[in-house]
Amino acid sequence: MTTKKHNTSFSEIKKQALADPIARDAYNESQKTWKLRELLISSRETAGLSQTELAARLNLAASNISRIEKSPDCTSVKTIFKYLDACNVDIDFVSHLQK
């Protein structure tokens, strides 16, 4: 069996795909979700908490912490604030609004 090699780089394929407005919108939306996911996980890790320990602070099952971290876009803002509070993280929205 012969495998076919492609000469197209990932960045070229990405550029072609993102030329489509619908694909670009979906990509941009997924980037926002990924950044929120990174914020949650890094906040928990910086606080030195495991998922189990954070769940105990929030009176939740550890599986709920996993779900929140995997799909933060399906999680209420109120729950995300509680998660961040339990990690001793304060988000300053005002400074992000000032230019």
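1. So, the nonpolar core
- Within the largest apolar cluster, 11 residues are counted, these being Leu40, Leu49, Leu54, Ala55, Ile65, Ile68, Ile80, Tyr83, Leu84, Ala86 and Cys87.
- Those elements giving two or more residues to this core turn out to be α3 (51-58), α4 (62-70) and α5 (77-86).

2. Observations concerning unusual backbone geometry
- Not every positive phi belongs to a glycine, and asparagine 59 is a case in point at roughly 55 degrees.
- Relative to the assigned elements, asparagine 59 resides in the loop between α3 and α4.
- Of note, asparagine 88 is a non-glycine position whose phi angle comes to about 60 degrees, a positive value.
- Within the secondary structure, asparagine 88 sits in the loop between α5 and α6 (93-97).
- Classification of asparagine 88 as exposed rests on a relative accessible area of 65%.

3. Describing the confidence of the model for the chain
- In the predicted model, the chain carries a mean pLDDT of 87, and the fraction of residues at 70 or more is 87%.
- α6 is the least confidently modelled element of the chain, averaging 60 in pLDDT, while α3 averages 97, the highest of any element.

4. Remarks on the packing of α3 against α4
- Viewed as axis vectors pointing N to C, α3 and α4 meet at an angle of 105 degrees, and their least axial separation amounts to 8 Å. Viewed along their axes, α3 and α4 adopt a mutual orientation that is roughly perpendicular. Of α4, the residues touching α3 (which contributes Gln51, Thr52, Leu54, Ala55 and Leu58) are Ala62, Ile65, Ser66 and Glu69.
- Class assignment of the residues belonging to the contact of α3 with α4 gives a composition of five nonpolar, three polar and one charged.

5. Concerning α5
- Among the residues of α5, Ile80, Tyr83, Leu84 and Ala86 are the ones counted as buried. For α5, the buried positions fall inside an angular range of 160 degrees around the axis, keeping them on one side. Turned more than 90 degrees away from the buried face of α5 sit Val77, Lys78 and Asp85, all of them exposed.
- Buried residues along α5 sit in contact with α2 (21-46), α3 and α4.

Rules behind the numbers
Residues numbered from 1 in each chain as written. Predicted model: local features only at pLDDT ≥ 70, side-chain atom pairs only at ≥ 80, totals over all residues. Heavy atoms only, no water. Core = buried A, V, L, I, M, F, W, Y, C linked by side-chain atoms within 4.5 Å. Buried < 20%, exposed > 50% of the residue type's maximum accessible area, 1.4 Å probe, protein only. Helix = DSSP H or I, 4+ residues; strand = E, 2+ residues; numbered from the N terminus. pLDDT = per-residue confidence, 0-100. Axes fitted to C-alpha atoms, helices over the stretch in contact; angles between N-to-C directions. Parallel < 35°, antiparallel > 145°, perpendicular 65-115°, else oblique. Contact = heavy atoms within 4.5 Å. Nonpolar A, V, L, I, M, F, W, Y, C, P; charged D, E, K, R; others polar. Arc of directions from axis to C-beta.

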